[in-house]
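Fold and contact review
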Amino acid sequence: MPHSFGYRARTRDMFKRGFKEHGPIKMSTYLIPYRVGDIVDIKANAAQQKGMPHKFYHGRTGIVYNVTPNAVGVIVNKVVGNRYIEKRVNIRVEHIRHSKCRKEFLDRVQRNRDATVAAREKGEKVSLKRVPAQPREARVVSTEGNAPQTMVPVRYETTI
């Protein structure tokens, strides 16, 4: 029998609720404020079929461009052929959450600002550039009082 090509075809695991996350949607979901310019992750919640995004947008990240009482408009980039198309999708708030993709960057900005203020008070200069992990320093292994040992595998013995 051929498979179907419906709107929610092959989404059995995609729209499944997580372990111990079944039941009605929590009230705190509706109390989260969204503003234009926020970066949000799209994750469809199967408990609410209204305003559910198409399966293509599940797991995508976009930018809020419009806010209404029950939903938000999100701009998502979609690869079509050899180009990106900017898609505008209207999604209810049950199916989105604030993205944590900028969290590390914002933390680094705060750390840099604190380091700059501290250095300015001391009258020092501080480098704020990220430095990749450097190679380990060279070491010399001495055989003085440390005789080399020959390693051999342990013989197999049955205990029957």
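Refer to the structure above for everything that follows.
For the structure given in this document, a descriptive report is provided here. (Residues numbered from 1 in each chain as written. Predicted model: local features only at pLDDT ≥ 70, side-chain atom pairs only at ≥ 80, totals over all residues. Heavy atoms only, no water.)

This paragraph deals with the packing of aromatic side chains. Under the defined criterion, the tally for this structure stands at one aromatic pair. Centroid distance Phe-56 to Tyr-57: 5.0 Å. Interplanar angle 90°. Geometry classified as edge-to-face. Its guanidinium or amino end placed over the ring of Phe-56, Arg-60 lies 4.1 Å from that ring's centre, counting from NZ or CZ. Sitting over the ring of Tyr-65, Arg-88 keeps its end group 4.5 Å from the ring centre. (Phe/Tyr/Trp six-rings, centres within 6.5 Å; stacked < 30°, edge-to-face > 60°. Lys NZ or Arg CZ within 6 Å of the ring centre and 35° of its normal.)

Once that is clear, we can look at unusual backbone geometry. With a phi close to 60°, Arg-10 is a non-glycine residue in the positive phi region. Residue position: Arg-10 is located in the segment before strand E1 (39-42). Phi is positive for Lys-20, which is not a glycine, with a value near 60°. Relative to the helices and strands, Lys-20 resides in the segment before E1. Overall, Lys-20 belongs to the exposed group, its relative accessible area being 72%. (Helix = DSSP H or I, 4+ residues; strand = E, 2+ residues; numbered from the N terminus. Buried < 20%, exposed > 50% of the residue type's maximum accessible area, 1.4 Å probe, protein only.)

Sheet topology places strand E3 (residues 71-80) next to strand E4 (residues 83-92); ten bridges connect them, and they run antiparallel. Across the sheet, the residue bridging to Lys-78 is Ile-85, located in E4. Taking the residues between adjacent antiparallel strands as the criterion, E3 and E4 are bridged by two residues, where Gly-81 takes a positive phi near 70°. (Pairing = 2+ DSSP bridges.)

Worth remembering: the numbers are spatial, not functional.
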